[in-house]
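One-letter residues, chain by chain:
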Amino acid sequence: SQQGEEDPQALSIQEGENATMNCSYKTSINNLQWYRQNSGRGLVHLILIRSNEREKHSGRLRVTLDTSKKSSSLLITASRAADTASYFCATDPSGYSTLTFGKGTMLLVSP
Amino acid sequence: GAVVSQHPSWVICKSGTSVKIECRSLDFQATTMFWYRQFPKQSLMLMATSNEGSKATYEQGVEKDKFLINHASLTLSTLTVTSAHPEDSSFYICSARGQGVGIQETQYFGPGTRLLVL
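Summarised in this report is the structure supplied together with it. (Residues numbered from 1 in each chain as written. Chains lettered and ligands numbered in written order. Predicted model: local features only at pLDDT ≥ 70, side-chain atom pairs only at ≥ 80, totals over all residues. Heavy atoms only, no water.)

Describing the overall build of chain B
- On a plain count of helices and strands, chain B comes out with 0 helices and 11 strands.
- Starting at the N terminus and ending at the C terminus, chain B contains elements arranged as β-β-β-β-β-β-β-β-β-β-β.
- Here the C-alpha atoms of chain B give a radius of gyration of 14 Å, agreeing with the 13 Å that 2.2 N^0.38 yields for 118 residues.
- Its C-alpha atoms give chain B principal-axis dimensions of roughly 40 × 25 × 20 Å.
- Considering only contacts within chain B whose residues lie at least 6 apart along the sequence, 55% involve residues at least 24 apart.
- Total accessible area on chain B stands at roughly 5700 Å², and carbon and sulfur atoms take up 52% of it.
- Between the mean site of the 10 positive side-chain charges and the mean site of the 9 negative ones, chain B shows a separation of 6 Å. (Helix = DSSP H or I, 4+ residues; strand = E, 2+ residues; numbered from the N terminus. Rg over C-alpha atoms; globule rule 2.2 N^0.38 Å. Contact = heavy atoms within 4.5 Å. Areas by Shrake-Rupley, 256 points an atom, 1.4 Å probe, with all protein chains shown as cover. Lys, Arg positive; Asp, Glu negative; His and termini not counted. Charge placed at Lys NZ, Arg CZ, Asp CG, Glu CD.)

What follows is the structure, encoded as structure tokens:
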């Protein structure tokens, strides 16, 4: 069953703008991960945030986690056309179990 | 590091034939491999989890006799779609998780295999 639900389903922005995607989940987690998928390709791991962390940065990516609201957000700053892809959040309840993916957000960055 | 490959990347077959998809971890030992299925513009749905040397654990609703999974070594898992039918057409993605590779909770994904059954 789906655990994470991303919002919005689709997002269209101009290069240089920031893109924010949200993910909500239902059950307790050990960690939450964000992945990117280019059209017709496999997934690329972006960032992992553990349940005891509130914020994490990696380059132009910023992830926040609010376990009380069971939600996470992914912020991509100064977006580029190459950031065009689908972004998925995935939850891991125990740290060593299977991931449950959300439906994803399709991001389109126009030059 | 942590590269996962899949072969083939594309396969077209006739209805009733069987198709084997290979998933390999190229630079690490994958103690656990996962097989997912993805329909167009949808999320990944976990089909099964396989641990090296043991039987795969299938998710509810996935026919184990239809989708045969073998994880015979720490670097190779195979998914065989037996007697494929048009409704089996999909994008199949594997992932691997290993010991001592980056963050242990992270799954590393292959590039996927697109299956079209005519």
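Observations regarding the state of the cysteines
- A full pass over the atoms with the stated rule returns 2 disulfides over all chains.
- Here cysteine 23 of chain A pairs with cysteine 89 of chain A through a disulfide, and the sulfurs are 2.0 Å apart. What sets the handedness of the cysteine 23 of chain A and cysteine 89 of chain A disulfide is the S-S torsion sign, and at about 65 degrees it is right-handed. Of this pair, cysteine 23 of chain A sits in strand 3 (residues 19-24) while cysteine 89 of chain A is found in strand 9 (residues 85-92), placing the two residues 66 residues apart along the sequence. Cysteine 89 of chain A matches cysteine 23 of chain A in its accessibility class, with the two residues each being buried.
- The disulfide partner of cysteine 23 of chain B is cysteine 94 of chain B, and the S-S distance across this bridge is 2.0 Å. Of note, the bridge from cysteine 23 of chain B to cysteine 94 of chain B carries an S-S torsion of about 80 degrees and is right-handed in sense. Remark: cysteine 94 of chain B occurs in strand 9 (residues 90-98) and cysteine 23 of chain B occurs in strand 3 (residues 19-25); sequence separation between them is 71 residues.
- What makes cysteine 23 of chain B buried here is its relative accessible area of 0%. (Disulfide = S-S within 2.5 Å. Buried < 20%, exposed > 50% of the residue type's maximum accessible area, 1.4 Å probe, protein only.)

A word on the nonpolar core
- In this structure, Val4, Phe28, Trp35, Leu79, Tyr92 and Leu115 of chain B are the most contacted members of the largest nonpolar core, which totals 25 residues.
- The set of elements that each furnish at least two residues to this core consists of strand 2 (10-13), strand 3, strand 4 (30-38), strand 5 (44-51), strand 7 (67-73), strand 8 (76-81), strand 9 and strand 11 (113-117) of chain B.
- Sequence-distant contacts of leucine 79 of chain B, defined by excluding residues within four places in its chain, comprise Val19, Lys20, Ile21, Trp35, Phe67, Leu68, Ile69 and Tyr92 of chain B.
- By size, the runner-up hydrophobic cluster in this structure holds 21 residues, among which are Cys23, Leu65, Ala85 and Cys89 of chain A. (Core = buried A, V, L, I, M, F, W, Y, C linked by side-chain atoms within 4.5 Å.)

None of this, on its own, says anything about what the molecule does.
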